[in-house]
Amino acid sequence: MRIGVLTGGGDCPGLNPAIRAIVMRAFDYGDELVGLRQGWRGLREKETMPLTLELVEPIIDSGGTILESSRTNPVKDAESTELCLDNARELGLDALIALGGEDTLGGAHKLCARGLKCVGVPKTMDNDLSATDYTFGFDSAVSVAVDAADRLKDTARSHRRVLVLEVMGRHAGWVALHTGVCAGADYILIPEIPLDRDGLIEHIKEIKARGKHWGLVVVSEGVKPPEVGEGEKHAKDEFGHEKLGGIGGFVAAVIEKGSGIDTRYVTLGHVVRGGSPTPFDRWLATRVGIKAVELVHEGKFDHMAALQGNQIVAVPLADAVENLKTVPTALYEEVKTLFSQ
Ligand code: F6P
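Read on for a plain summary of the structure. Being a predicted model, the structure only gives us computed values, none of them experimental.

1. Details of the overall build of the protein chain
- Counting its regular elements, the protein chain contains 12 helices and 11 strands.
- For the protein chain, the C-alpha radius of gyration of 21 Å lies close to 20 Å, the compact-globule estimate for 341 residues.
- Counting only C-alpha atoms and orienting by the principal axes, one finds that the protein chain spans roughly 70 × 40 × 30 Å.
- For the protein chain, the residues scored as buried account for 55% of the 341 residues in total.

Put into structure tokens, the structure is as follows:
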């Protein structure tokens, strides 16, 4: 078979190990692989690259994606959709494996409905895709964020300051929640829970009153300050998503004003998307990559390879992209006990 492979949306550690696994498994079947550069843009503009064993063999430990990525929406209008379908035919693709999050896989699902034979591989550092327990990229991102948080605690302690760490995650607070718990944060703010300004200030005052002169607060980029309405302030990308970032400064100002403690903030941003994937992400990426090739050969299109428990299973793309997997209130309440004293 002749199989196209692309990586779309924000990059994250694990993409290269997944590409590697796809290529290695596909070669077992004698398949021919066509790399599409920069996500759906590669299909729309027919920009391809060969995927060889020599190229992929060493990339188990490398961050980023050798195929490059972009936030190109293949189905943004009828012209783009037709162009993608025509180009897939011209390139002689029997199937296409798309590695991505809700946008990339949403595009794959819509193109499947038009006859393109797509299989998905879930990836996102946000961990917000439904129908899979975890996505690769998340563990690596949290590892980097926890390391940063641990460093910030050192300097916070030395200077009797509060340090606010802002992390990515878009509309889901998974990265902030895991980072905050694993770094022993004094408070965690996530988009799923409305910002309780008074509660935050009260808690920082309480820790000071019991003799702790420093603090760490982790905030997810998707948290909205009360005075900013939906859609305000930020520009949007091709999928209509706001380009987030900046809430850390607001939270730091609120804390300093309300508690009187010297407060600084750090926006980690894209730092968590770079670097070598953790062993967990290498393992997960490898397994979903292998499974994606199996799905192609089983003819199970419009599905993605998902982690459920310890098994890698096929789930319909529709189930993965229908609703975002956000942090349940009950889970937040459960861990809130760690920053309620
Ligand atoms: O979806 C992954 C993510 O890193 C989000 O956490 C973040 O909001 C967004 O991508 C940033 O996108 P870009 O790389 O386009 O700035």
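Moving on from the model shown.
2. Brief notes about the layout of surface pockets
- By volume, the largest pocket amounts to about 380 Å³.
- Around the largest pocket sit 24 residues that line it, and G10, R71, D126, R170 and R273 are the ones nearest its centre.
- Here the lining of the largest pocket is composed, by residue class, of 3 nonpolar, 8 polar and 13 charged.
- Residue contributions to the lining of the largest pocket reach at least three from each of two domains, namely domain 1 (2-137 + 277-321) and domain 2 (138-274).

3. Here's the deal with the pairing of strand 4 (residues 95-100)
- In terms of burial, strand 4 is largely enclosed, as 6 of its 6 residues are buried.
- The side-chain alternation of strand 4 yields two buried faces, one formed by A95, I97 and L99 and the other by L96, A98 and G100.
- For strand 1 (residues 2-7) and strand 4, the ladder comprises 5 bridges, and the chain directions are parallel. When the bridges of strand 4 are listed, L6 appears paired with A98.
- Both strand 4 and strand 5 (residues 118-122) contribute to a ladder of 5 bridges, which runs parallel. Among the inter-strand pairings, I97 is bridged to a residue of strand 5, identified as V119.
- Regarding the hand of the β-α-β motif, the stretch spanning strand 4, helix 5 (residues 102-113) and strand 5 is right-handed.

4. As for the site of the ligand
- Close contacts around the ligand come from R71, M125, D126, M168, G169, R170, E221, H270 and R273, and that covers them all.
- Residue R71 places a side-chain N or O atom 2.8 Å away from an oxygen atom belonging to the ligand.
- With respect to the ligand, the side chain of R273 contributes an N or O atom lying 2.8 Å from an oxygen atom.
- Judged by its atoms lying within 2 Å of the grid points, the ligand is housed in the largest pocket.

The rules we used
Residues numbered from 1 in each chain as written. Predicted model: local features only at pLDDT ≥ 70, side-chain atom pairs only at ≥ 80, totals over all residues. Heavy atoms only, no water. Helix = DSSP H or I, 4+ residues; strand = E, 2+ residues; numbered from the N terminus. Rg over C-alpha atoms; globule rule 2.2 N^0.38 Å. Buried < 20%, exposed > 50% of the residue type's maximum accessible area, 1.4 Å probe, protein only. 1 Å grid on protein atoms, 1.4 Å probe; cavity = no way out; pocket = protein on both sides within 12 Å on 5 of 7 lines; lining within 4 Å. Points joined across faces, edges and corners; volume = space filled by probe spheres on them. Nonpolar A, V, L, I, M, F, W, Y, C, P; charged D, E, K, R; others polar. Domains from an automatic or database assignment. Pairing = 2+ DSSP bridges. Right-handed = clockwise from strand over helix to strand, strands pointing away. Near = heavy atom within 4 Å. Polar contact = N/O pair within 3.5 Å; in protein donor to acceptor, adjacent residues only side chain to side chain. Sits in = over half its atoms within 2 Å of the grid points.

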